[in-house]
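Structure assessment
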Amino acid sequence: MSSRETILGSIRSHLAASVPHDQLETVHDPDLSIGVPPVEVSPISTVEQFKQSLEAVDGHCVIARDEAEITQAITRIVSDLGVRRIALSDAPVLARLINAGDVEISPPDIFEFDAGISTAQAAIAETGTLVLDCARERHRLVSLVPPVHIAILEASSIFQTLAEALAFVHQNGNISPAVTFITGPSRTADIELTLTIGVHGPQELYVIVNDAARG
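1. With respect to unusual backbone geometry
Even without a glycine there, the phi angle at Asp58 is positive, about 75 degrees. As for its placement among the helices and strands, Asp58 is situated in the loop between α2 (46–56) and β1 (60–64).

Right, here's the structure in full:
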């Protein structure tokens, strides 16, 4: 008998021997579950999930209830970071929100800004990702060049998945020439896997969520 036939014969015999054991039913011991209450996981809102996901990638999230609280949050962030020069995207809402004290709004060169403020058209809760649609707002340089990016986001624009967020952004059927996805501060790793923050984008990301439902 060849080695191949010997191996196949051994496999067949062991498989045949295992059949009676495979048919045995597992006996449930009720004593094992006595005193062990079921674990209940409380569902969290989409806003809270986004906040947790964003903070997990070193971003900062502030939940506001109205424009007054958004303005207060911007002022506090700017003051804490010592920001003096702020770049604004062309979103009309930002002109009335910005109230950061003694700061310059329009330095001559985008690379001289300390922070950039824009809105975000959507967000993905499961990854803490912002979705910026350039067809809605000129914010690519504002969100990518300054060392600090502050984004204003409506709670109703936070979705669970990427597919839902993109469907919302392109609900009018038009495809934007550029969509920017931002997940936390900029990260870059070299061939030795040494992680560096802020090489190709902002070192700090702050997202202010306007959750009017909490008001």
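Next comes the rest of the description.
2. Notes on the sheet that holds β1
As summarised here, the arrangement of the five strands in space is β1-β11-β6-β3-β2, forming an open sheet in which the pairing is parallel. A strand with exactly one partner marks an edge of an open sheet, and here the two such strands are β1 and β2 (86–88). Direction aside, the axes of adjacent strands within the sheet are offset by 20 degrees on average. Note: β2 against strand β3 (residues 115–119), three bridges, orientation parallel. Its bridge partner lying in β3, Leu88 is registered against Ile117. Relative to the sheet, α2 contacts β1, β6 (148–154) and β11 (204–210), its axis offset from that of β1 by approximately 155 degrees.

3. Points about the side chain of Ser118
Assignment of secondary structure puts Ser118 in strand β3. Assessed through its relative accessible area of 0%, Ser118 is described here as buried. Every residue in contact with Ser118, bar those within four places of it in the chain, is listed here: Ser89, Leu94, Leu132, Glu137, His139, Val142, Ser143, His149, Ile150, Ala151 and Ile152.

4. Quick word on the pairing of β3
With five of its five residues buried, β3 lies for the most part within the structure. Burial along β3 is two-sided: Ala115, Ile117 and Thr119 and Gly116 and Ser118, pointing in opposite directions, are all buried. As judged from the four bridges shared by β3 and β6, these two strands associate in the parallel manner. Residue Thr119 lies in a different strand from β6, and its bridge partner there is Ile152.

Definitions and cut-offs
Residues numbered from 1 in each chain as written. Predicted model: local features only at pLDDT ≥ 70, side-chain atom pairs only at ≥ 80, totals over all residues. Heavy atoms only, no water. Helix = DSSP H or I, 4+ residues; strand = E, 2+ residues; numbered from the N terminus. Pairing = 2+ DSSP bridges. Axes fitted to C-alpha atoms, helices over the stretch in contact; angles between N-to-C directions. Contact = heavy atoms within 4.5 Å. Buried < 20%, exposed > 50% of the residue type's maximum accessible area, 1.4 Å probe, protein only.

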